[in-house]
Each structure stands twice: as C-alpha cells, then as structure tokens.
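For reference, the chains in residue letters:
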Amino acid sequence: MARRDNDIWWRMAWRNLWRNRRRTAITASALSFGFVAAVLMIALMDGMLEQLVSNGTRVITGQVQIHADDYRPERSMHDTMGGREGLDLAALVGAAGSVEGVTGVAPRAYGGGLISSGDETAGAVLMGIDPRREEGVSRFGTSFVVGGMPGPGEIAIGNAMAGTIGTAPGEEVVVVAPAADGSMGNELFTVSGIFRLGMGGFDDAYVLVELGSLQDLMAMDRSRIHEVAISVDRADQADGVAARVEEAVAGLADSLVVEPWSVFHEQLYFMTSMMGAANAIVAMIIFGMAIFGVANTMLLATFERRREFAVARSLGTSARSIVRIVVCEGLFLGLVSLGAGALLAAPVVVYFHEFPLDLSSFIGTYSFMGSAMQPLMTVEYSWDGPLVSAVALIGTGVASALYPAWRAIRVPPADALASR
Amino acid sequence: MRTEHLWKIYPQDPRPVEAVRGVDLTVWRGEFVAMAGPSGSGKTTMLNLVGGLTRPTRGKVWIEGEEISALSDRRLADLRMHRIGFVFQSYNLLPVLSALENAEFTLLLQGVPAAERRGRVRELFREIGLEGLEDRRPPKLSGGQQQRVAVARAVLGDPALVLADEPTANLDSHTAEALLDVMERLNRTKGTTFVFSTHDPRVMERARRLIRLVDGQIESDHAESG
Ligand SMILES: Nc1ncnc2c1ncn2[C@@H]1O[C@H](COP(=O)(O)OP(=O)(O)O)[C@@H](O)[C@H]1O
Ligand SMILES: [Mg+2]
C-alpha cells in the first residue's frame, strides 16, 4: 500500500458519515448537547468547589499558611517561626506579598489564657493579629456586631463568649496567660468590639488581640510569630502559589513550611476530592452511555454496508483499511459533534458566567462544614472543562466505532457475490 | 487457472448442500469462457472458489501455477488484489466513490501512483465509452454504465483472470450486448482472461468456450467456432 494514498480511507469515511444525513445529524446533535452539558456541568462544579473552598478558607485560615516546621500539630507557643530569635517580619510579609497570585498576607501569634470580667471567667484562644493586614485574608473585620478591630491594648471578643462573661465594648477585661519565659502574663484590655463569624467553636473560644500587645503579654519579641496566613486569587491554584511562596521566603529563616489549604485543611480537601471524583464518575457514566448509543447507530450503518465491505474485501482490501474506514467515521462524527458543540457551548458558558444561576429561591442559603454557602451557581472561564470534554467526545466517537469496525472485518468477502 | 476434484459442500440443515461436486477444469490464458447452467447449479460457488473468496471442501485450485486453497486469508486477499478481477451481477460499485475512484480502486490497493492510475483509468474510460462520467457517483449512472465501470475496475489491475458472475443479468439485452462487446474487446486487445457465468442463451452464444454446469458438475465443455 502506497502511503500517499491513505487518504482514500479518510475520504470514504467522511463520505460515509454523510450518507444518512438525518441519522448523522441526530447522532451529532446528541453528542454535541452532551458536550455542552459536560462543559457546563464541569464549569458549575468547579464554581461550586471554588465557592466551597473559598468559604472554608476565606473566613479565617487563608489558602496558604507558613509555620515553623514543628509548629503543627501541637501548636506550642515556643515553636515560633525562626525559633527563639524569630525573623524579620517585615521582610517575610513583603516577600510573601510580592509572590504572583498572592492577594493578602497576615502575620499571627497564638496563646492560651483566661479572660475575666467581674466574677465571670472563660478560657480563650488568644489570637494576635495585625488588624489592617487581616482585611486581606480573613473576615474578622466585617463580622463585628458592635465595635471593631482591636488596637494596641484592646481586645475583640466573640459574641458567645461576651455573653458568657458579660462584657461589652468599652469595658475592661483581665487577661491572664502563660508567657514564653515561663512567667504568667497579666494585663488589662479594653473591649474594642464583639464579632460574630457564625462558626461554632470560634465565637465562643477565640479572642482577637493586637499582635504587639499579645507579644508583650506573652513576653515574646516582636519578631516572633506562629503563623502567616496568605490569601490567593484562586483557591484551586493554592498549590502553585505555596510552592512559589516557599521559594520566596526560604532565605529568611530555617525550616519554614509553606502549605496550601489542601494540606492544613484536610477535611475540606477530602470533601472536594470526593465531590470531584463523584463528578468524574457521573461524567464517565454519561459518556459510557453515549458510547453505547453511538456504537449502536454505527453498528446499524455497518450492517447496512455489509455488501460494500464484502466487495472491498473481495477486491483485496486489508482488514486494517476496513477498520480505518469505520474508525475514521467515528472520529469524524466526534469532530463534527465537537464543532457543533463548541459553537453551542460558547454562548451558554458566557451566559452563565454573566448571569449566575441563583438557586436561593429554591433552597435558601445553607451552611456547609462551618462555611455559609450561597446557592449561586457560577461559571468561571476555564479551558480545563472544555478540553477534557472535547477529548471525551472524540474518544466517544472513536470508541463507538471499534466494535462496528470489528464486525465489519468479519463480513466474509464471499458475500460480495451472494445474490440479494 | 486449473481445478482438480473440486468440491464445495455447505453444511446445512436438514442436510448439507453439495454445491460443487468434483469439478476438474482448466482455463488457459486469454480464454473467453462462459459457464452456463440453471439457477442453483453451482456457478456462483465455482467463481467463489476460483476467486479465492471461499475455500474448497476438497480438491485444489491453481491460479497461474500457484495452489491457493491453503493460503492464509491475507495471502488470498493479496492474490485477489493482484491476479483476479471481479464483476458482480449487481455491479457492486462502492457508492461513496466516483466512477473514476471506483475504477482505480484496485490500482490504488496495488500501490500504483495517483498520476499513473488516473491516466490508465481515463484511457480505458475513453475506450469503453465512459468518457466524461469520471466524477459521477454510481447512483447517477445507468446500469450499463455502472457495469462498465465495474469491468474497468476488474481489468485495470492487469489480473490473470476476470471472474464475472452473471454480469448481464440486470441489464436489458441491448446494454448486455454492449457490455459483452467491451469485455470481448478487452479480451482481444489486452489478452485478459474472462470467465463469466450466465443463464442467458444470447450471452452464451458470445463465448468462445461454453461450459455447462448441472448440479455442481460439468455436463459439457465446448469450444465454439469463431
Ligand atoms: N453460502 C451458502 N450456504 C449454503 N448453501 C449455499 C450457499 N451458497 C450457495 N448455496 C447452495 O449451493 C447451491 C449452488 O448455488 P450457487 O453456486 O449460487 O448456484 P448458481 O450460482 O448456479 O445459482 C444452491 O443449492 C445454493 O442454495
Ligand atoms: Mg449465482
């Protein structure tokens, strides 16, 4: 077989595809609608996962965090970044902040202590923060019921705890906390505000203190912090950002670890992975059914052309060439469907990007794993979904042709002479 | 082409069909042979056997000295491509290919370069009255035209043997005569060997050798004068 003449099989496949225009049109429309559905489903799912992750990480944790490598999981107050000497905080924040994809950097220190107001006392996690920097990472700033973020010498308390100990903005509370030097820190703070994040385990346990004030209380240098929380512009890119941040801050202290949310927020990562996997299985089932349907149609077409295959074989055509004709037809069907599907999908994706599906009238807002979800189905522009769907679509065309091709080469050449 | 004690038995209920029963036949290069016989006498089966489309139950077939009944499917396909041309009762052109593409199909399988293929097809088309029909698809051709394209396809690969199964059965007598003219001329000018089956007495008259088949056996074998 001369190589240059292989185009005859493509030509025959292409012409075969258009012999039964109606059948091809129906099959191709079904496939292209499937493509549009797959693209849209993946886009909506991506939007939902993004929202889920964003809600799970934008309230407090951020999507990337830096710690000393031995800080987690014990979270001992001694394990500050850079050891006992700490590090150049301004340089660290600057280096992390200049990494591409980073939208906010917030340094934090943690301690444990007792808060007393009058006769009432409660145990609390003391979170030392830079109020201005937290704006770019967490939602503390926008969650105040009364008052606002703490300045030096001030403290913000969750509404649940404020209720327990009975205090209000402007009043004073006593904070007692073990300090890094083994002594007991003891200080009077003025309540700057009452916040409500709406998350269990936080509003009744955490208090916010200005970072410097907490360091003073705990007898730690201003260079010592436990955590840097970082926000990124796209949660699904956190891994890449984490790697770049790690590079950027590597020279500032020994043994810093930079982790994306998928590491420090295991449950959330597990959840989203599960949802992604479920999504993939659904997609596979859909395309599996499509393969079945298209294969059936192609089998019918192959059966109708039995005699032609027999004639081609009787003239000496190889089985390979016959397979090529049938498989190419499947390939062309996939390509035609893809063309039509792409034309259909583009406006649909643009529409849902511009006008997200608002399902709140059906289901209201809901809370999931401690994060409030808006039932807004958003579609982000991305090539991933369309590419995966395109490959699946063309794969469907080709896979559908395999069994019919096998049947075609089983047609005995003697059938060419058989009378009708 | 030669056969020896050729048998073909189709296993079938209630009992096997003996379609060809011990045929010994030799056809020499350049002959123009008709195989005649009533329907069911085994003509098609004979052509299938000689053309390497089915394997004999017993006996042997030689094509240009090569015994073919033991060849693999692949070798048989090769043999058909290079040495045998087929013409079918129902034309059997490939409907998605133009007249020219149909005619050059065997040449293409043989690996003949495109320019040479086209040249040979056009030349033959001129010779057999198909000029100007090169780009037509089979459904746009008359029965006679289709069958001439089929004959072109069969002879263009320079086969040792062209087997034609009732090539005129679907043609009116005038068109049938014209087709036989074409076959006869190709036989004369190119020396192509033709073996065709028929049950039409007028077609039998045109053969230079007439073999009568009855119940899978040769009843008579006459060389016609002229
Ligand atoms: N594939 C087959 N399977 C079973 N029987 C067959 C097959 N092909 C032909 N026959 C039988 O073999 C006999 C000869 O058939 P055939 O060769 O077609 O004769 P003709 O071409 O002379 O009409 C008939 O009885 C026919 O029914
Ligand atoms: Mg017959």
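These remarks concern the structure in this document. (Residues numbered from 1 in each chain as written. Chains lettered and ligands numbered in written order. Predicted model: local features only at pLDDT ≥ 70, side-chain atom pairs only at ≥ 80, totals over all residues. Heavy atoms only, no water.)

**Digging into the site of ligand 1**
All names here are of chain B. Around ligand 1, the neighbouring residues are Tyr10, Gln12, Val17, Ala19, Pro38, Ser39, Gly40, Ser41, Gly42, Lys43, Thr44 and Thr45. Separating an oxygen atom of ligand 1 from a backbone N or O atom of Gly40 is a distance of 2.7 Å. A distance of 2.7 Å separates an oxygen atom of ligand 1 from a polar side-chain atom of Thr44. Notes on ligand 1: free accessible area 560 Å², of which the protein chains cover 64%. Those elements giving two or more residues to the shell around ligand 1 turn out to be strand S2 (17-26) and helix H1 (43-50). By residue number, the principal contributor to the shell around ligand 1 is H1, which donates three residues. (Near = heavy atom within 4 Å. Polar contact = N/O pair within 3.5 Å; in protein donor to acceptor, adjacent residues only side chain to side chain. Areas by Shrake-Rupley, 256 points an atom, 1.4 Å probe, with all protein chains shown as cover. Helix = DSSP H or I, 4+ residues; strand = E, 2+ residues; numbered from the N terminus.)

**Description of the layout of surface pockets**
Residue and element names in this part refer to chain A. As a volume, the largest pocket reaches approximately 990 Å³. For the largest pocket, the lining is made up of 42 residues, of which Ile42, Asp46, Ser382, Asp384 and Gly385 are closest to its centre. Contributions of two or more residues to the lining of the largest pocket are made by helix H2 (21-58), helix H7 (238-249), helix H8 (261-264), helix H9 (266-304), helix H11 (319-354) and helix H13 (384-409). For the lining of the largest pocket, the leading source of residues is H2, giving 11 residues. Its residues assigned to classes, the lining of the largest pocket comprises 26 nonpolar, nine polar and seven charged. (1 Å grid on protein atoms, 1.4 Å probe; cavity = no way out; pocket = protein on both sides within 12 Å on 5 of 7 lines; lining within 4 Å. Points joined across faces, edges and corners; volume = space filled by probe spheres on them. Nonpolar A, V, L, I, M, F, W, Y, C, P; charged D, E, K, R; others polar.)

**Things to note about the side chain of B:Lys8**
Residues and elements named next belong to chain B. Considering the arrangement of structural elements, one finds Lys8 in strand S1 (residues 2-10). No salt bridge is formed by the buried Lys8; the nearest opposite charge belongs to Asp73, separated by 11 Å. Among the polar contacts listed, one links the side chain of Lys8 to the backbone oxygen of Arg55, at a separation of 2.8 Å. Filtering out sequence-adjacent residues up to four positions away, Lys8 remains in contact with Val17, Glu18, Ala19, Val20, Thr45, Leu49, Thr54, Arg55, Pro56 and Thr57. (Buried < 20%, exposed > 50% of the residue type's maximum accessible area, 1.4 Å probe, protein only. Lys, Arg positive; Asp, Glu negative; His and termini not counted. Salt bridge = Lys/Arg side-chain N within 4 Å of Asp/Glu carboxyl O. Contact = heavy atoms within 4.5 Å.)

**A short note on the packing of H2(A) against H9(A)**
Helices that pack against each other are described as a pair by the angle of their axes relative to one another and the distance between those axes. Running from N to C, H2(A) and H9(A) cross one another at 180°; their axes reach a closest spacing of 11 Å. In terms of their interaxial angle, H2(A) and H9(A) are classed as roughly antiparallel. (Axes fitted to C-alpha atoms, helices over the stretch in contact; angles between N-to-C directions. Parallel < 35°, antiparallel > 145°, perpendicular 65-115°, else oblique.)

**Observations regarding empty space enclosed by the protein**
Under the criterion given, the structure shown has four cavities of 30 Å³ or more. Taken as a whole, the largest cavity spans an internal volume of roughly 110 Å³. In terms of lining, the largest cavity is formed by A:Asn16, A:Leu17, A:Asn20, A:Arg23, A:Thr24, A:Thr27, A:Thr297, A:Met298, A:Ala301, A:Arg305, A:Glu329 and A:Leu333. Counted by class, the lining of the largest cavity contains four nonpolar, five polar and three charged residues. Considering the residues around the second largest cavity, the lining is formed by A:Met12, A:Asn16, A:Arg305, A:Glu308, A:Phe309, A:Ala312, A:Ile325 and B:Leu94.

**Quick word on unusual backbone geometry**
Here A:Arg72 and A:Pro73 are connected by a cis peptide whose omega angle stands at 5°. Here A:Pro73 is to be found in the loop between strand S1 (64-68) and helix H3 (89-97). Residues B:Asp13 and B:Pro14 are joined by a peptide bond in cis, for which omega reads -5°. If you trace the backbone, B:Pro14 turns up in the loop between S1 and S2. Unusually for a residue other than glycine, A:Ser255 sits at a positive phi of about 45°. With phi around 50°, B:Asp215 is a residue other than glycine that occupies positive phi space. Tracing the sequence through the fold places B:Asp215 in the loop between strand S9 (209-214) and strand S10 (217-223).

**Here's the deal with a nonpolar patch on the surface**
Together, A:Ile281, A:Met284, A:Ile285 and A:Met289 line one region of the surface with nonpolar side chains, adding up to about 450 Å² of accessible area. With respect to the helices and strands, the residue A:Met289 is situated in helix H9. (Patch = residues over 30% accessible without salt bridge, like charges linked within 9 Å, V, L, I, M, F, W, Y side chains within 5 Å.)

**A few points about the environment of A:Ser382**
All names here are of chain A. Within the secondary structure, Ser382 is located in the loop between strand S14 (376-377) and H13. Spatially, the C-alpha atoms of Ser382 and Val349 are 10.0 Å apart, while their sequence positions differ by 33 residues. Of the polar contacts made by the side chain of Ser382, one reaches the backbone nitrogen of Asp384; its length is 3.0 Å.

**Concerning the interface of chain B and chain A**
Much of the literature gives interface size as the accessible area that the parts lose upon coming together. Each partner contributes residues to the interface: chain B has 30 residues there, and chain A has 24 residues. Each partner contributes to the roughly 2,500 Å² buried at the junction of chain B and chain A, and carbon and sulfur atoms together form 63% of this total. It is B:Val96, B:Leu108 and B:Leu109 that lose the most area in chain B upon contact with chain A, and together they represent 22% of the buried surface on that side. Where chain B packs against chain A, one counts two salt bridges. Taking the shortest distance from any N to any O, the salt bridge between B:Glu101 and A:Arg11 comes out at 3.2 Å. Our enumeration of links across chain B and chain A arrives at eight residue pairs in polar contact (both at pLDDT 80 or more). If you list the elements that add at least two residues to the side of chain B that touches chain A, you get H1, helix H2 (73-83), helix H4 (105-110) and helix H5 (114-127) of chain B. (Buried area = accessible area lost by both parts, 1.4 Å probe.)

**Regarding the side chain of A:Glu227**
Relative to the assigned elements, A:Glu227 resides in strand S9 (residues 227-232). Apart from residues no more than four positions distant in its own chain, A:Glu227 is found in contact with A:Gln65, A:Ile66, A:His67, A:Arg75, A:Met81, A:Ala106, A:Pro107, A:Arg108 and A:Tyr110.

**Considerations on the packing of aromatic side chains**
One pass over the structure, following the stated rule, counts 16 aromatic pairs over all chains. Geometrically, the ring pair formed by A:Phe144 and A:Phe195 is edge-to-face, given 6.0 Å between the ring centres and 80° between the ring planes. Of this pair, A:Phe144 sits in strand S4 (residues 144-147) while A:Phe195 is found in strand S7 (residues 184-195), placing the two residues 51 residues apart along the sequence. Each member of the pair, A:Phe144 as well as A:Phe195, carries the same accessibility label: buried. Each residue in the set A:Phe140, A:Phe144, A:Phe195, A:Phe202 and A:Tyr206 is aromatic and connected to the rest through ring pairs, giving one cluster. A cation over a ring is seen here: B:Arg2 above B:Trp62, with NZ or CZ 4.0 Å from the ring centre. Seen from the ring of B:Trp7, B:Arg58 lies directly overhead, with NZ or CZ sitting 4.8 Å from the centre. (Phe/Tyr/Trp six-rings, centres within 6.5 Å; stacked < 30°, edge-to-face > 60°. Lys NZ or Arg CZ within 6 Å of the ring centre and 35° of its normal.)

**Comments concerning the sheet that holds S9(B)**
Remark on secondary structure: sheet strands pair via backbone hydrogen bonds, oriented parallel or antiparallel. Residue and element names in this part refer to chain B. Here six strands make up an open sheet; going across it, the order is S6-S7-S8-S3-S9-S10 and the pairing mixed. With one partner strand each, in any of the chains shown, strand S6 (84-87) and S10 form the two edges of the open sheet. On average, each strand axis in the sheet is inclined to that of its neighbour by 20°, with strand direction left out of account. Here S6 pairs with strand S7 (residues 161-165) via four bridges, running parallel. The partner of Gly85 across the bridge, within S7, is Val162. Across the sheet, H2 is in contact with S6 and S7; its angle to S6 comes to roughly 80°. (Pairing = 2+ DSSP bridges.)

**Describing the sheet that holds strand S5 (residues 66-67) of chain B**
Residues and elements named next belong to chain B. Read across the open sheet, the four strands follow the order S2-S1-S4-S5; overall the sheet is antiparallel. Edge positions in the sheet fall to S2 and S5, since each has one partner strand and no second. As paired elements, strand S4 (residues 58-63) and S5 share two bridges and run antiparallel to each other. Following the sheet pairing, Ile63 is matched in S5 by Glu66. Here H1 sits on the sheet and contacts S1, S2 and S4; the angle it forms with S1, its principal contact strand, is near 120°.

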